[in-house]
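Below are the chains, spelled out letter by letter.
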Amino acid sequence: MLVSIKLLKMIIPFNYTAEEVGNKLSMLGLEVEGIRKVKHKFENIITGKVLEIQDIPNTKLKKTLIDTKTEKLQIVTTATNLKSNDVVPVALPHSKVANGTEILERDFKGMISQGMLCSYAEIGLDPEILSSEEKEGIFTFPLDTPIGKKVEDVLPIDDDYLELSLLPDRADAFYLVGLARWIEIIKAREEKRRADFAQFEDHSSINIAGETPIPIYIEDKTLCPFYSGRLIKNVTVSKSSLSLRQKLFMLRIRPINNVVDITNFVLRFYGQPLHTFDADTIQKEVIIRRAKKGERIKTLDEVERKLTEDNLVIADERGPIAIAGVMGGYETSVTEKTKNVFLESAYFSPHCIAKSARSLGIVTDASDIFERGADPLLPPKGSIIASNLISKEAKGIPAKENVVSFITPAEPVNLRLSRVEKILGERIDKEYVKKYFDFEGFDYKDKGEQLEVIAPSFRRDIEKEIDLIEEIVRMKGYNEFGEALIVDKLKAAKRTDYEDFIWKLKDKLVKIGLDEVQTVSLTSESLLNLIGYNEKDSVIKLLNPLSSDMSLMRPLLLSTLLPILERNKKMGNTDIAMFEIGKVFKKEEGFKETDELGILLSGKRTEKNYLKVEFAYSFPYLKGIFEDIFSFCNIAPRYVPEQLTWMHPYQSAGIYLDKERIGYIGRINDDILEKIGVIDKVFYGAVNVEKLMQHCNEKIQFKPFSLYPPVKRDIAIVVDEDTPEEDVRKAIISAAPPELKKIVLFDLYKGTPLPPNKKNLAYSLEFSSVHKTLKGEDINKFIDQLEKVIKEKVNGKLRKE
Amino acid sequence: MKDKIEQIKMEFEEKIKGKSLKEIKELETYFIGRKGKVTELFKMLKTLPKMQRREFGAEINELKQFIEKNISEQVATLERKEKIRKLKEESIDVTLPGIKLHTGNLHILSQTILEVEKIFLSMGFDVMVGPEIEKDYYNFEALNIPEFHPARDMQDTFYLAKKILLRTQTSPIQIHAMEKYKPPIRIIAVGRCYRRDAVDSSHFPIFHQVEGLVVDRKVTFANLKGTLAEFTREMFGKDVKVRFTPSYFPFVEPGAETSITCVLCGGKGCPVCKYTGWLEMGGSGMVHPNVLRGVGIDPEVYQGFAFGWGIERIAMIKYRIPDIRMFYQNDLRFLKQFKG
Ligand SMILES: [Zn+2]
């Protein structure tokens, strides 16, 4: 919201600079984000009146005669919107327009033009705040604009604006008088006196003639506690006068016609939303009621809207003629042809208007104020102010208003001084509290240990004791309170077990040498398609996504890790070893979120080096990492070959804990990588973190180890090529004595001199005993047995070495 | 005989000069080997008269010892030299670069969260978590933001279904905490939040917050200020101060926006702090009585404070990270800068 300092100063004098006002308001909770300084950029452009217009034959040009008070100028223009008596901006010879171009006397094929008539752009006006008429062709001023005046003196262009960003509780500052009251509070606080809000009151009386013949009925007084309707007869709807146009300019209101301009002005200046109907279009009566389901109305913006019981409407005999507090109806709106106006000034329930506006998806200045809480005592004054302006600007004659009011006097709010101390941690002397309330113009009664407080009717944020305590803090100053640390019984603070586990796991993964990444938890249809994810029905969709690339909740980490892989490879970061622990989401008994761990490897563990030593990431390396983690978590899952759409069909495995699949591991399908421009092999594994945690809390206890030197023995076993290595290993272990402490596969060989379809597995076995030094003979017996076991269990042949 | 001894000695002294290890071994044999010259002298000794035998015997012995000593010294010297030569052959260029394995780091957000948690744990705050998918009730209604409340416009929300949304703040964890535990409550909760904000250098639809909540009989506004001041000093340095400005969050009252001294300019004013000298960190305030009443805590008996600060904001300020998008791009050249 932009607030003109010039206009503000017209109703409250102050000596602060714009920046100072900005700071002071911000420190009271009315955030000023910046100051916009506007200065006119043209030179020597004055107002002039069009006396004559003549077409120049055989051209699109027109010759005009312009009265600038001191002289009459012949000016040639191409504009088609001019009429005699229009007041227009005239750039005199040797003037400058807003973009810096100098205007000189010009010769149009023998026709001298003594200057130029200007459009809005040539005087640098903001089109946002101009009427459509003003933006067309040559800019025209109100008809009562004096001629021969500098344009910058006629339109208040040069001004500083406060860029105000108001929070929803500051309904009392959404309009100029309201903001002026806050400046008065600032002054009162600095001068240590009571705020004087009376200076902003409009005390003008009204000359009325006759009655308003339209009766008013309110169906639900909680939704509309006050409604006033007044007939204003014989209005002339036209352009607003210069003095009103100037105020509209400073309030940044786009002009429409004098009657509508006045209602907008009263709203933005005094804070009272109003509505004007063409009185002759209202059938018989005005009823304020909930809309009936299925009712329709064409609103001012010419949109046909379906109403529901959430909407409060102003209706006549035939049906809705306005959506109360939100927007008027098209059929009953004031137009150039309107003769008699019905002026509405009302107070509606904030909740009701909020619901009504939101159900229709419309936000207007009126609904903004009503839903945040307008001043319930303002409507009668608003009606008088607007009526007087309409009678002045549009020559209407106001009648006596019809009023239905259910407004009750405000209840005082009790403030206990003990409560103030209890909340703030500081005793505040009663006299100070009273002073703070004086600064804000609150009324109060001293009841000893309590104050009975009545805030002004526009302060809708004061309802309860805690609201008053906040005002004490606001007036004393948020930073004028001491700091104190909490003093309490000491107890051990901790994380949840689960969070503790996550941090330990992350630490473990980093120690292994992986980089943690954190990716967005939103993914897209196209990424899931790329992966070939086929459980589409269980994917959670956002109802209102920002963009299609973040429109789904990721069902697996891989979908958001792939873009990270792609980006890094493109940026030349070829060696990647990363993990993420993050939420994945699924539709399952409602919406389910679980933590997943994903590990992605590509490239090498070593940097390229002059020793030519390298360690490329591979399936076994990835498996080693997972085995490390599983051992850390005290679990020993199994790996079962499986085929997933996004994995290499013969290089991936499901990870099973008992019968439950808790994850998978393998190599990502090259077809997918090709599509994202990655040519290196990529290895990936993912597990459900909650499953990892189930056994992780088993306490680690010391196990004795042998103090005698171990005995080592290497063996080699030839088996069929398709025998899983795990079976061989298990067979060895099954036959081994408890002294077997370590078994390491150190060679894997296929080819000559082995027969085809055979492979050789070489193991290094390590034996030790906690009781004695083992001797070769102790092992020999086992090796002898092993030959038979291998034959029986895996149809293999033991080759002794 | 005497001449012979003298002559052998001279010969030895002459021959041993500049000999290699191998040559010295030969010399050893030549002089004191089984058929060596000195050994020969011993043999000759037998032919001499008894008197002289004794005299020359001692001299030959002396000669033998002289030769042995010289040889072993010479051998030691040569061996030492040989060793040095061999070591020298193994000499390397110590200025060659070391060869590294890639090492891992925690994401800078995790590092920041750990640091935040550490400070609050040390102040006796338990660490809680809550779900990212929330009911409208927890994210809004229970926080004194009923349906259609204008404050809902302050946070653009992603919806998954009617009344089910992605939390826009960590504040719903306040409600979970108060439902789960009886006062005294002293917790923080860190988590991922979502807002339907257009992306720019300081806005991203995903971000993290740290929420704090303390509820007890005598928890005051002064405690709120003291706690955040202490946290700020620990996180950003002892000269960094906290400033409170009045603000509006329906679930706290008095409510405040909390800022810290701009760490870039020390409060003097710079483009980052828009020349205010202060950087906004998030909201805070005293828990609204409506919120306490809503979870069945009597606001006449218990009171408390709450705050919610942005984790990305903390990290961006502390580590001078210029763009929030970098956290989620995960470029290794970004991630690896933050060792930890
Ligand atoms: Zn700064």
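The rules behind these values
- Residues take numbers from 1 onward in each chain, read along the sequence in its written order.
- For this description, chains carry letters from A and ligands carry numbers from 1, given in the order in which they are written.
- Given that this is a predicted model, residues contribute local features only at a pLDDT of at least 70 and side-chain atom pairs are listed and counted only at 80 or more, while totals for whole chains, interfaces and linings are drawn from all residues.
- Calculation of side-chain values draws on the structure's entire complement of heavy atoms; hydrogens and water are dropped beforehand.
- Helical segments are the DSSP runs of H or I of at least four residues, strand segments are the runs of E of at least two, and each set is numbered from the N terminus.
- For a compact globule the rule gives 2.2 Å times the number of residues to the power 0.38, and the radius of gyration it is set against comes from C-alpha atoms.
- Contacts are assigned to residue pairs with any non-hydrogen atoms lying within 4.5 Å of each other.
- Calculation of accessible area relied on Shrake-Rupley with a 1.4 Å probe; when residues are assessed, cover is drawn exclusively from the protein chains displayed.
- Residues counted as positive are Lys and Arg, residues counted as negative are Asp and Glu, and His and the chain ends are not counted.
- Every charge is mapped to an atom, namely NZ of Lys, CZ of Arg, CG of Asp or CD of Glu.
- Categorising residues by exposure relies on relative accessible area from a 1.4 Å probe, with only protein chains included: less than 20% of the type maximum marks a residue as buried, more than 50% marks it as exposed, and the intermediate range marks it as partly exposed.
- Here the limits of each domain have been adopted from an automatic or database domain assignment.
- The term buried area refers to how much accessible surface (probe radius 1.4 Å) is lost by two components on association, counted for both of them together.
- One speaks of a salt bridge when a side-chain nitrogen belonging to Lys or Arg is within 4 Å of a carboxyl oxygen belonging to Asp or Glu.
- Here a polar contact is taken to be a pair of N or O atoms separated by no more than 3.5 Å, where protein atoms must pair a possible hydrogen donor with a possible acceptor and residues adjacent in sequence count only if both atoms sit in side chains.
- Here, nonpolar core means buried Ala, Val, Leu, Ile, Met, Phe, Trp, Tyr and Cys residues that are tied together by side-chain atoms lying within 4.5 Å of each other.
- Metal-coordinating donors are taken as N, O and S atoms lying within 2.8 Å of the metal, or within 3.2 Å when the metal is Na, K or Ca; because water is left out, some sites can appear incomplete.
- A four-donor site is classed as tetrahedral when every donor-metal-donor angle falls between 85 and 135 degrees; four donors are called square planar, and six octahedral, when trans pairs exceed 155 degrees and all remaining angles lie between 65 and 115, with any other arrangement labelled irregular.
- Note that patches include only residues with greater than 30% relative accessible area and no salt bridge, and the join distances are 9 Å for like charges and 5 Å for nonpolar side chains (Val, Leu, Ile, Met, Phe, Trp, Tyr).
- Axes, fitted as lines to C-alpha atoms, cover a helix only where it is in contact. Angles between the N-to-C directions of the axes lie from 0 to 180 degrees.
- The scheme is simple: roughly parallel for angles under 35 degrees, roughly antiparallel for over 145, roughly perpendicular for 65 to 115, oblique for anything else.
- For this scheme, ten residues count as nonpolar: Ala, Val, Leu, Ile, Met, Phe, Trp, Tyr, Cys and Pro. Four count as charged, namely Asp, Glu, Lys and Arg, and the remainder, Gly too, count as polar.
- Helices are assigned an expected span. That span is 1.5 Å times one less than the residue count.
- What pLDDT expresses is the predictor's confidence in each residue, scored from 0 to 100.
- Each crossing gets its hand from how the near helix is turned against the far one by less than a right angle, where anticlockwise is left-handed and clockwise is right-handed.
- Note: two strands are recorded as paired if DSSP finds a minimum of 2 bridges between them.

### Focus: the overall build of chain A
Part 1 of the reasoning: The helix and strand inventory of chain A stands at 20 helices and 39 strands.
Part 2 of the reasoning: Computed over the C-alpha atoms, the radius of gyration of chain A is 42 Å, more than 25% above the 28 Å expected from 2.2 N^0.38 for a compact globule of 801 residues.
Part 3 of the reasoning: When its C-alpha atoms are laid out on the principal axes, chain A stretches across 125 × 90 × 55 Å.
Part 4 of the reasoning: Within chain A, residue pairs in contact and separated by at least 24 positions form 68% of the contacts whose partners lie at least 6 positions apart.
Part 5 of the reasoning: Surface exposure of chain A reaches about 38300 Å², of which carbon and sulfur atoms provide 50%.
Part 6 of the reasoning: Mean positive and mean negative side-chain charge positions of chain A (119 and 125 charges, respectively) differ by 3 Å.

### Examining the overall build of chain B
Part 1 of the reasoning: A count of helices and strands for chain B gives 12 helices and 10 strands.
Part 2 of the reasoning: The globule rule puts the C-alpha radius of gyration for 340 residues at 20 Å, and the 43 Å found for chain B is more than 25% above it.
Part 3 of the reasoning: Each of the three principal axes of chain B carries a C-alpha extent, and together these read 135 × 45 × 40 Å.
Part 4 of the reasoning: Out of the 340 residues in chain B, the part that is buried amounts to 55%.
Part 5 of the reasoning: Excluding contacts between residues fewer than 6 apart, the proportion of contacts in chain B whose partners are at least 24 apart in sequence is 66%.
Part 6 of the reasoning: Within the structure as shown, chain B displays about 16400 Å² of accessible surface, and the carbon and sulfur contribution to it stands at 53%.

### Here's the deal with the domain arrangement of chain A
Residue and element names in this part refer to chain A.
Part 1 of the reasoning: What the domain assignment reports for chain A is domain 1 (2–39 + 160–200), domain 2 (43–157), domain 3 (216–405), domain 4 (413–474), domain 5 (497–693) and domain 6 (711–800).
Part 2 of the reasoning: A C-alpha centroid distance of 37 Å is found between domain 2 and domain 3.
Part 3 of the reasoning: Each partner contributes to the interface: domain 2 provides 20 residues, whereas domain 3 provides 12 residues.
Part 4 of the reasoning: Roughly 1400 Å² is buried in total at the junction of domain 2 and domain 3, and carbon and sulfur atoms are behind 60% of that figure.
Part 5 of the reasoning: It is Ile129, Pro142 and Pro156 in domain 2 that bury the most area against domain 3; as a group they hold 41% of the surface buried on that side.
Part 6 of the reasoning: For the pair domain 2 and domain 3, the interface holds three salt bridges.
Part 7 of the reasoning: The partner of Asp126 in a salt bridge is Arg252, and the shortest N-O contact between them spans 2.9 Å.
Part 8 of the reasoning: Put simply, domain 2 and domain 3 have seven residue pairs in polar contact (both at pLDDT 80 or more) between them.

### A look at the domain arrangement of chain B
Part 1 of the reasoning: Domain annotation for chain B reports domain 1 (2–89) and domain 2 (108–335).
Part 2 of the reasoning: For domain 1 of chain B and domain 2 of chain B, the distance between their C-alpha centres works out to 92 Å.

### Observations regarding the side chain of Asn223 of chain B
Part 1 of the reasoning: Looking at the element boundaries, Asn223 of chain B is found in helix 8 (residues 221–236).
Part 2 of the reasoning: Using a relative accessible area of 8% as the deciding quantity, one classes Asn223 of chain B as buried.
Part 3 of the reasoning: Ignoring anything within four residues of it in the chain, the contact list for Asn223 of chain B reads Ala484, Leu485 and Ile486 of chain A together with Lys218 and Phe305 of chain B.

### Side note on the nonpolar core
Residue and element names in this part refer to chain A.
Part 1 of the reasoning: Ranked by internal contacts, the top residues of the largest apolar core, which has 251 residues, are Tyr227, Phe348 and Ile599.
Part 2 of the reasoning: The biggest single contributor to this core is helix 4 (residues 176–191), with nine residues.
Part 3 of the reasoning: The contacts of Phe348, once residues within four sequence positions are left out, are Leu223, Cys224, Pro225, Tyr227, Ile288, Leu312, Ile314, Ala324, Gly325, Ile353 and Phe370.

### Digging into the environment of Lys187 of chain A
All names here are of chain A.
Part 1 of the reasoning: Relative to the elements of secondary structure, Lys187 occurs in helix 4.
Part 2 of the reasoning: Residues Lys187 and Phe14, spaced 173 residues apart in sequence, show a C-alpha to C-alpha distance of 8.3 Å.
Part 3 of the reasoning: Contact partners of Lys187, with chain neighbours within four places excluded, come to Ile12, Pro13, Phe14, Tyr16 and Arg193.

### A short note on the coordination of the zinc ion
All names here are of chain B.
Part 1 of the reasoning: Within the protein, the zinc ion binds to Cys262 (SG), Cys265 (SG), Cys270 (SG) and Cys273 (SG); these donor distances fall in the range 2.2 to 2.3 Å.
Part 2 of the reasoning: Taken together, the four donor atoms surrounding the zinc ion define angles of 102 to 114° at the centre, an arrangement classified as tetrahedral.
Part 3 of the reasoning: The sequence pattern describing where the donors of the zinc ion fall on their chain is C-x2-C-x4-C-x2-C.
Part 4 of the reasoning: A relative accessible area of 11% means that Cys270 is categorised as buried.

### Here we look at a nonpolar patch on the surface
Part 1 of the reasoning: Together, Tyr610, Leu611 and Val613 of chain A together with Leu96 and Ile99 of chain B line one region of the surface with nonpolar side chains, adding up to about 450 Å² of accessible area.
Part 2 of the reasoning: With respect to the helices and strands, Val613 of chain A occurs in the loop between strand 31 (591–602) and helix 16 (619–632).
Part 3 of the reasoning: Val613 of chain A gets classed as partly exposed once you look at its relative accessible area, which sits at 47%.

### A few points about unusual backbone geometry
Part 1 of the reasoning: In this structure, the amide linkage connecting Pro183 of chain B to the following residue, Pro184 of chain B, adopts the cis form with an omega of 0°.
Part 2 of the reasoning: As for its position among the elements, Pro184 of chain B is in the loop between helix 7 (172–180) and strand 5 (185–194).
Part 3 of the reasoning: Not every positive phi belongs to a glycine, and Asn634 of chain A is a case in point at roughly 60°.
Part 4 of the reasoning: Checked against the element boundaries, Asn634 of chain A lands in the loop between helix 16 and strand 32 (638–641).
Part 5 of the reasoning: Located in the positive-phi region is Tyr275 of chain B, a residue other than glycine, with phi close to 65°.
Part 6 of the reasoning: By secondary structure assignment, the location of Tyr275 of chain B is in the loop between strand 8 (252–261) and strand 9 (278–287).
Part 7 of the reasoning: Residue class for Tyr275 of chain B comes out exposed when judged on its relative accessible area of 61%.

### Here's the deal with the packing of helix 2 (residues 21–32) of chain B against helix 3 (residues 37–45) of chain B
Residue and element names in this part refer to chain B.
Part 1 of the reasoning: The interhelical angle for the contact between helix 2 and helix 3, taken along N-to-C directions, is 10°, at an axis separation of 3 Å. By the angle between their directions, the pair helix 2 and helix 3 is classed as roughly parallel. Across from Tyr30, Phe31 and Ile32 in helix 2, the residues of helix 3 making contact are Lys37, Val38 and Thr39.
Part 2 of the reasoning: When grouped by side-chain class, the residues that make up the contact of helix 2 with helix 3 number four nonpolar, one polar and one charged.

### Some details on helix 6 (residues 258–270) of chain A
Think of an α-helix as 3.6 residues a turn; residues three or four steps apart then line up on the same face.
All names here are of chain A.
Part 1 of the reasoning: The terminal C-alpha atoms of helix 6 lie 17 Å apart, and with 13 residues this matches the ideal 18 Å at 1.5 Å per residue to within 8%.
Part 2 of the reasoning: Along helix 6, 11 of the 13 residues are buried, which leaves the element largely enclosed by surrounding structure.
Part 3 of the reasoning: Regarding helix 6, its N-cap is Asn257, as a side-chain oxygen of that residue lies 3.1 Å from the backbone nitrogen of Val259 further along.
Part 4 of the reasoning: Gly271 lies just past helix 6 and shows a positive phi near 90°.

### Side note on the interface of chain B and chain A
Part 1 of the reasoning: Listed as interface residues are 96 residues of chain B and, on the opposing side, 85 residues of chain A.
Part 2 of the reasoning: Taken over both partners, the interface formed by chain B and chain A buries close to 8000 Å², and the fraction arising from carbon and sulfur atoms is 57%.
Part 3 of the reasoning: When the buried surface of chain B facing chain A is broken down by residue, His102, Phe148 and Pro246 of chain B rank first, second and third, together holding 10% of it.
Part 4 of the reasoning: The tally of links from chain B across to chain A stands at seven salt bridges.
Part 5 of the reasoning: Its salt-bridge partner being Asp515 of chain A, residue Lys336 of chain B comes within 2.4 Å of it at the nearest N-O pair.
Part 6 of the reasoning: Joining chain B to chain A, the criterion identifies 46 residue pairs in polar contact (both at pLDDT 80 or more).
Part 7 of the reasoning: For the side of chain B that touches chain A, the element with the highest residue contribution is helix 8 of chain B, accounting for nine residues.
Part 8 of the reasoning: Taken together, the residues of the side of chain B that touches chain A break down into 50 nonpolar, 24 polar and 22 charged.

### Let's talk about the confidence of the model for chain B
Part 1 of the reasoning: In the predicted model, chain B carries a mean pLDDT of 92, and 100% of its residues have values of at least 70.
Part 2 of the reasoning: Two numbers describe this predicted complex: its pTM, 0.89, and its ipTM, 0.90.

### Let's talk about the packing of helix 5 (residues 108–122) of chain B against helix 8 of chain B
Residue and element names in this part refer to chain B.
Part 1 of the reasoning: Running from N to C, helix 5 and helix 8 point in directions that differ by 130°, and their axes come no closer than 10 Å. The orientation of helix 5 relative to helix 8 falls into the category oblique. Regarding helix 5 and helix 8, the two cross each other, and that crossing is right-handed. Here helix 5 contributes Thr112, Glu115, Val116, Ile119 and Phe120 to the contact with helix 8, which in turn contributes Thr227, Phe231, Glu234 and Met235.
Part 2 of the reasoning: Looking at the contact of helix 5 with helix 8, its residues break down into five nonpolar, two polar and two charged.

### Looking at the sheet that holds strand 18 (residues 312–315) of chain A
Residue and element names in this part refer to chain A.
Part 1 of the reasoning: Strand order in this open sheet of five strands is 12-15-18-19-20, and the pairing throughout is mixed. Edge positions in the sheet fall to strand 12 (216–218) and strand 20 (327–328), since each has one partner strand and no second.
Part 2 of the reasoning: Bridging between strand 15 (residues 286–290) and strand 18 involves four bridges; their strand directions are antiparallel. Among the inter-strand pairings, Ile287 is bridged to a residue of strand 18, identified as Ala315.

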